[in-house]
Amino acid sequence: MRIIALDLGIKSLGIAISDENQIIAIPLENFLFEEGDLNAPLIKMDYLLQEYQVEKILLGFPLKTSGEEATITTFIKKFEKSLKEKVKVERVDERFSTQRAKELINTKDKKKLKENKDLVAAWVLLTDYLSF
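All values reported here derive from a predicted model rather than from experimental measurement. (Residues numbered from 1 in each chain as written. Predicted model: local features only at pLDDT ≥ 70, side-chain atom pairs only at ≥ 80, totals over all residues. Heavy atoms only, no water.)

## Describing the overall build of the protein chain
And then number 1: A tally of regular secondary structure across the protein chain gives four helices and five strands.
And then number 2: Counting only residues that meet the buried cut, the protein chain has 45% of its 132 residues in that class.
And then number 3: Counting only contacts in the protein chain whose residues sit at least 6 apart along the sequence, the fraction spanning at least 24 positions is 61%.
And then number 4: Of the roughly 7600 Å² that the protein chain leaves accessible, carbon and sulfur atoms contribute 49%. (Helix = DSSP H or I, 4+ residues; strand = E, 2+ residues; numbered from the N terminus. Buried < 20%, exposed > 50% of the residue type's maximum accessible area, 1.4 Å probe, protein only. Contact = heavy atoms within 4.5 Å. Areas by Shrake-Rupley, 256 points an atom, 1.4 Å probe, with all protein chains shown as cover.)

Below, the structure is given as structure tokens:
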């Protein structure tokens, strides 16, 4: 059984998946969609849940450094509610995953950074989870 980690933004969904033994985190895709459209990423998740044997989804949950919920959390909670109808979902603190992703991408090319930061952030979340 696999674990999927997700970093949901307002226009993209970073997706990382574990191997079947839950040892290795594999960056899968940075799925782009229309701003604020939850339907497209939910359809994508339906496909992934059918394609892979997924035990659990790790959903990046954005908090401010103060611990308060970020503005996007309402959007993420709606997404989470729909996912929970299909699979076990565990929230993970993603406060520093995007920053770590930016450091790992290590580029001054803003387009490349924008295209990959959510994907790498999902990979960071899953790597951290599998390491413990």
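## Some thoughts on the packing of helix 1 (residues 39-51) against helix 2 (residues 73-84)
And then number 1: Here helix 1 crosses helix 2 at 30°, and the two axes come no closer than 11 Å. The orientation of helix 1 with respect to helix 2, classified from their angle, is roughly parallel. Helix 1 and helix 2 meet at a crossing whose hand is right-handed. Note on element contacts: helix 2 touches helix 1 through Phe79, Ser82 and Leu83, opposite Pro41, Leu42 and Met45.
And then number 2: Split into classes, the residues belonging to the contact of helix 1 with helix 2 amount to five nonpolar, one polar and no charged. (Axes fitted to C-alpha atoms, helices over the stretch in contact; angles between N-to-C directions. Parallel < 35°, antiparallel > 145°, perpendicular 65-115°, else oblique. Left-handed = near helix turned anticlockwise from the far one by under 90°. Nonpolar A, V, L, I, M, F, W, Y, C, P; charged D, E, K, R; others polar.)

## Some remarks on a nonpolar patch on the surface
And then number 1: Taken together, Ile23, Ile24 and Ile26 make up a surface patch of nonpolar side chains, about 280 Å² in accessible area.
And then number 2: By the secondary structure assignment, isoleucine 24 is in the loop between strand 2 (12-18) and strand 3 (25-32). (Patch = residues over 30% accessible without salt bridge, like charges linked within 9 Å, V, L, I, M, F, W, Y side chains within 5 Å. Salt bridge = Lys/Arg side-chain N within 4 Å of Asp/Glu carboxyl O.)

## Observations regarding helix 1
And then number 1: If you check helix 1, its first and last C-alpha atoms are 18 Å apart, about what 13 residues at 1.5 Å a residue would give, namely 18 Å.
And then number 2: Within the span of helix 1, buried status applies to Pro41, Leu42, Lys44, Met45, Leu48 and Leu49. End-on, the buried residues of helix 1 take up no more than an arc of 155°, which puts them together on one face. Opposite its buried face, helix 1 presents the exposed residues Ile43 and Gln50, each directed more than 90 degrees away.
And then number 3: Close packing links the buried residues of helix 1 with strand 1 (2-8), strand 2, strand 3, strand 4 (54-61) and helix 2. (Expected span 1.5 Å × (residues − 1). Arc of directions from axis to C-beta.)

## What about the nonpolar core?
And then number 1: Counting residues in each nonpolar core, the largest one holds 23 residues, and the members touching the most others are Ile4, Leu6, Leu13, Met45, Ile57 and Phe79.
And then number 2: Elements represented by at least two residues in this core include exactly strand 1, strand 2, helix 1, strand 4 and helix 2.
And then number 3: If we ignore the near neighbours within four places in the chain, the residues touching leucine 6 are Leu13, Gly14, Ile15, Met45, Ile57, Leu58, Leu59, Gly60, Phe79, Leu83, Ala122 and Leu125.
And then number 4: One finds Ile3, Ala16, Ala122 and Leu126 within the second-largest nonpolar core, a separate group that totals 10 residues. (Core = buried A, V, L, I, M, F, W, Y, C linked by side-chain atoms within 4.5 Å.)

## Examining the packing of aromatic side chains
And then number 1: Considering all chains together, one arrives at one aromatic pair under this definition.
And then number 2: For the cation-ring pair, arginine 91 lies above phenylalanine 61, with the distance from its terminal atom to the ring centre recorded as 4.1 Å. (Phe/Tyr/Trp six-rings, centres within 6.5 Å; stacked < 30°, edge-to-face > 60°. Lys NZ or Arg CZ within 6 Å of the ring centre and 35° of its normal.)

## Details of the pairing of strand 5 (residues 88-93)
And then number 1: Relative to strand 5, strand 4 is paired through six bridges, and the arrangement is parallel. Of the residues in strand 5, the one forming a bridge with leucine 59 is arginine 91.
And then number 2: Following the chain from strand 4 across helix 2 to the adjacent parallel strand 5, one finds a crossover that is right-handed. (Pairing = 2+ DSSP bridges. Right-handed = clockwise from strand over helix to strand, strands pointing away.)

## So, the environment of aspartate 7
And then number 1: Within the secondary structure layout, aspartate 7 lies in strand 1.
And then number 2: According to the relative accessible area criterion, aspartate 7 is buried, its value standing at 2%.
And then number 3: The spacing of aspartate 7 and leucine 58 is 51 residues in sequence and 8.8 Å in space, taken between C-alpha atoms.

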